[in-house]
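Now for the letters of each chain:
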Amino acid sequence: MTNIWHNAGARGKLLCLLLLAVLVATPLAADRYLLSVLILVFYFAYLGQAWNLLMGFAGQLSLGHALYLGLGAYTATALWTLFGIGPWLGVFIAIPVAAAAGMFVGWLGWRFAIEGVYFALLTIAFAEFTRIGFDHLQVTGASAGLFLSVNSPGSDKWWNLGGGPLLYYYLALILAAGATFLVAYLRQSPLGYRWLAVREDPEAARAVGIDIFRARMIAMLFSASMTAVGGVFYGFYYRNLFPSQVFDIGRSIELILAPIIGGLGTIFGPVVGALILTPLGESLTALMEALGINAPGVKLIFYGLMLMVIISLRPDGVWPWLARRLGLSGARK
Amino acid sequence: MTALLSVRDLSKRFRGLAAVSNVGFDVAEGDIFAIIGPNGAGKTTLFNMIAGAMPCDGGTITFAGERIDGLRSDQAAQRGIGRTFQVVKPFPALTVEDNVVIGALLRTTSVNEARGIASEVLTQLDLIARKDQVASSLTLPDRKRLEVARALATRPKLLLLDEVMAGLRPTETDRIVAILRDLNRAGLTILLIEHVMRAVTALASRILVLHHGAKIAEGTPDAVLRDPAVIESYLGAEAL
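Rules used throughout
- Sequence order sets the numbering: in each chain, residues are counted from 1 along the sequence as written.
- Here the convention is simple: chains get letters from A, ligands get numbers from 1, in the order in which they are written.
- Only residues with pLDDT of at least 70 are given local features in this predicted model, and only at 80 or more are side-chain atom pairs given and counted; all residues enter the totals for whole chains, interfaces and linings.
- The side-chain figures draw on all heavy atoms in the structure; neither hydrogens nor water molecules are used.
- Where each domain begins and ends is defined by an automated method or by a domain database.
- What makes two residues a contact is simply this: any of their non-hydrogen atoms within 4.5 Å.
- Two parts placed together each lose some accessible area under a 1.4 Å probe, and the buried area is that loss summed for both.
- Just to be clear on terms, a salt bridge is a Lys or Arg side-chain nitrogen sitting within 4 Å of an Asp or Glu carboxyl oxygen.
- We call two N or O atoms a polar contact when they sit within 3.5 Å, provided that within protein one can donate a hydrogen and the other can accept it, with sequence-adjacent residues counted only if both atoms are side-chain atoms.
- Helix numbering and strand numbering both begin at the N terminus, where a helix is a DSSP run of H or I of at least 4 residues and a strand a DSSP run of E of at least 2.
- Each residue gets one of three labels, nonpolar for Ala, Val, Leu, Ile, Met, Phe, Trp, Tyr, Cys and Pro, charged for Asp, Glu, Lys and Arg, and polar for the others, Gly among them.
- Note on pairing: DSSP must find at least two bridges between two strands before they are called paired.
- Inter-axis angles, ranging from 0 to 180 degrees, are taken between N-to-C directions of lines fitted to C-alpha atoms, where helices are fitted over the stretch in contact.
- Residues enter a nonpolar core if they are buried and are Ala, Val, Leu, Ile, Met, Phe, Trp, Tyr or Cys, with the set joined through side-chain atoms within 4.5 Å.
- Throughout this description, buried means an accessible area under 20% of the type-specific maximum (1.4 Å probe, protein chains only), exposed means over 50%, and partly exposed covers the range between.
- Per-residue confidence from the predictor is given as pLDDT, running between 0 and 100.
- Note on angle classes: values under 35 degrees are labelled roughly parallel, values over 145 roughly antiparallel, values of 65 to 115 roughly perpendicular, and the remainder oblique.
- In a left-handed crossing the near helix is turned counterclockwise from the far helix by less than a right angle, and in a right-handed crossing that turn is clockwise.

**A word on the domain arrangement of chain B**
Residue and element names in this part refer to chain B.
1) Next: You can read the domains of chain B as domain 1 (3-80 + 156-239) and domain 2 (90-154).
2) Next: Placing the centre of domain 1 and that of domain 2 at their C-alpha centroids yields a distance of 24 Å.
3) Next: Contacts between the two partners involve 17 residues from domain 1, matched on the other side by 13 residues from domain 2.
4) Next: The junction of domain 1 with domain 2 conceals about 1200 Å² of combined surface from both sides, 68% of it contributed by carbon and sulfur atoms.
5) Next: When the area that domain 1 buries against domain 2 is broken down by residue, the three leading residues are P156, R175 and I179, summing to 34%.

**Some words on the interface of chain B and chain A**
1) Next: Taken together, the 26 residues of chain B in the interface contact 24 residues of chain A.
2) Next: Both faces considered, chain B and chain A share a buried interface measuring about 2100 Å² in area, 59% of it formed by carbon and sulfur atoms.
3) Next: At the junction of chain B with chain A, the criterion picks out four salt bridges.
4) Next: Where chain B packs against chain A, one counts seven residue pairs in polar contact (both at pLDDT 80 or more).
5) Next: Put simply, the parts of the chain that give the side of chain B that touches chain A at least two residues each are α2 (73-78), α3 (96-104) and α4 (111-124) of chain B.
6) Next: Grouping the amino acids of the side of chain B that touches chain A by side-chain chemistry returns 12 nonpolar, seven polar and seven charged.

**Brief notes about the sheet that holds strand β4 (residues 58-63) of chain B**
Residue and element names in this part refer to chain B.
1) Next: The four strands lie next to each other as β2-β1-β4-β5, forming an open sheet whose pairing is antiparallel. With partners counted over all chains shown, the strands left at the sheet margins are β2 (17-28) and β5 (66-67), one partner each.
2) Next: Relative to β4, strand β1 (residues 3-14) is paired through five bridges, and the arrangement is antiparallel. In the sheet register, V7 faces β4, and the bridge partner there is I61.
3) Next: Strand contacts of helix α1 (residues 43-50): β1, β2 and β4, with the helix running at about 120° to β1, the strand carrying the most contacts.

**Let's talk about the sheet that holds strand β10 (residues 214-219) of chain B**
What links the strands of a sheet is backbone hydrogen bonding, and the strands pair in either a parallel or an antiparallel sense.
All names here are of chain B.
1) Next: Ordered in space as β6-β7-β8-β3-β9-β10, the six strands form an open sheet in which the pairing is mixed. Edge positions in the sheet fall to β6 (81-83) and β10, since each has one partner strand and no second. Adjacent strand axes in the sheet meet at a mean angle of 20°, parallel and antiparallel pairs treated alike.
2) Next: Against the sheet, α1 contacts β3 (32-36), β6, β7 (158-162), β8 (189-193) and β9 (206-211), and its axis sits at roughly 145° relative to β8.

**Here we look at the nonpolar core**
1) Next: Counting residues in hydrophobic clusters, the biggest one holds 143 residues, and the most contacted among them are F42(A), L67(A), W195(A) and I210(A).
2) Next: In terms of residues, this core owes the most to one element, helix α2 (residues 32-57) of chain A, which gives 18 residues.
3) Next: When residues of this core are assigned to domains, at least three map to each of domain 1 (3-80 + 156-239) and domain 2 (90-154) of chain B.
4) Next: With near-sequence residues (within four places) excluded, F42(A) lies in contact with L23(A), Y169(A), A172(A), L173(A) and A176(A).
5) Next: Of all hydrophobic cores here, the second largest spans 27 residues; its members include V7(B), V20(B), I35(B) and L46(B).

**Digging into unusual backbone geometry**
Residues and elements named next belong to chain B.
1) Next: Positioned with a positive phi, N22 is a non-glycine residue whose angle comes to about 45°.
2) Next: Despite not being glycine, H212 shows a phi value in the positive range, around 50°.
3) Next: With respect to the helices and strands, H212 occurs in the loop between β9 and β10.

**As for the confidence of the model for chain B**
1) Next: When pLDDT is averaged along chain B, the result is 89; 97% of the residues meet or exceed 70.
2) Next: Confidence estimates for the predicted assembly give a pTM of 0.90 and an ipTM of 0.89.

**Comments concerning the pattern of salt bridges**
1) Next: Under the counting rule described, the total for this entry stands at 26 salt bridges over all chains.
2) Next: D135(A) is the salt-bridge partner of R131(A), the closest N and O atoms lying 3.6 Å from each other. Of this pair, R131(A) and D135(A) both sit in helix α5 (residues 117-135), four residues apart, which is roughly one turn of that helix.
3) Next: Residue D135(A) is classed as buried on the basis of its relative accessible area of 17%.
4) Next: Ionic pairing is found between R8(B) and D26(B), a salt bridge with its closest N-O pair at 3.0 Å. In this pair, R8(B) is assigned in strand β1 and D26(B) in strand β2, connecting sequence segments 18 residues apart.

**Some thoughts on the packing of α2(A) against helix α12 (residues 269-291) of chain A**
Residue and element names in this part refer to chain A.
1) Next: Remark: α2 packs on α12, axes separated minimally by 8 Å, with the N-to-C direction vectors making an angle of 140°. Considering their axes alone, α2 and α12 lie oblique with respect to each other. The handedness of the crossing between α2 and α12 is right-handed. Contacts from Y33, V37, L40, V41, F44, A45, G48, Q49 and N52 of α2 reach α12 at P270, V271, A274, L275, T278, P279, E282 and A286.

**Points about the environment of V298(A)**
Residues and elements named next belong to chain A.
1) Next: Its place among the elements puts V298 in helix α13 (residues 298-313).
2) Next: For V298, a relative accessible area of 24% corresponds to the partly exposed category.
3) Next: In this structure the C-alpha to C-alpha distance between V298 and G235, which are 63 residues apart in sequence, comes to 25 Å.
4) Next: When neighbours within four sequence positions are excluded, V298 is seen to be in contact with L284 and M288.

Here is the structure:
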């Protein structure tokens, strides 16, 4: 039996459960605005986990995760608007669609020894092709976008992922917490060890009998599938989809910030990164609004600055440093 | 005598250069077989072909009765060939224990069992006190032993050691020699490339001498080290 608490210690367990309990109880006290910020925190923590699995654990840099996010979002949303197939079912179609795309990108890269930066370029290229493809795909509204009606019958029911902020709050919390447990479990499994070996030294990994192509493909399978689920959430939460937004490289970049700032290859890095970054970004937006300054892109500049500061001060991310401060041992790479 | 490893007419060319040409030899089960030769003689190339890290251009490699030429290195490892690298390749950010656990996971799907194997092997190689240290913080002699430990954890039938003594002090060399002898006594077949003659003569039951990619001598240490061709091409001034 794989023990996900192997590196955690009693204090780690306690803090982890305490945080979870606080977050479960938060809606009792929080207003709508705070809930919407927390929804974004969970959303980025979740996507950060998905991306971190591939980059932080298996060592493969993807700068095109918007592809899987967008395919997940479009598949589930289109199934609902075109065929009335609800998202709880649609997600099981969205996952294989995005996973297939991920496997194709992975196969193309790793089979033909396109590695490192070149692999990253390949992932960007596929997200871009797909964006252009969806810009011309009439059935999903092409560049004019795909909209989920708020008025059609049943669209406000939980089984169609409609409803108030509480539904999205708890759903996002479950996704983020579930992904964190999944990653913690995988990290302690034979598969997790293989990923670390492949990340650390592919040649040495082969020498101990690891099929590195297979290990990378499995990492991609998990990462793309998880990202697709995030995409379904995105589609039904925002209720409108534009290819130029969903498949944009900005989306791919935005979802890798939390794990980088929190700590690549750590289990809580994506969570901590999202907890730091998202509230700061939202506060900045609120501040600009209050000051009456209309400066689109200011949030991106802020994220860029944050990234520079964190990388120069804590190159391993905030979480390993924070965990040492808190006396936890769970931050081991 | 049944050979665990049998190499026939093995060749490798790098463009015009014949790195290894028509080399053949047998390693019997339970042997410690050493390959020596000057720098650039093709020893590591030969090794890489046996371990599957490099395809051969001609010839065959048979291991435990099965052809293994053309296999990838992970497939060779699965069939029971463990190896170390001349320039050590630990998993640098991982702990010593995790490095060895990864090796052990080749033979078990249980991480707990792998940890058990790892602690056994680490004890054997005097590394158990360092198990929680990150591999990149180890000294060179410790890293060399970690290489051996990780390879051993895969439970190989044949262990390929590429210059594990190079750069070690004589006392450290003797320590590894003693460990390898114990492992061999327990039934492990070892094929080693080595420059440190002190270790070769202490360990090897057979020696093969490679020069410019070709075999110039093979036999027991006594016979090989007295061979005039070997003295001229390799031992040279050192022996005179």
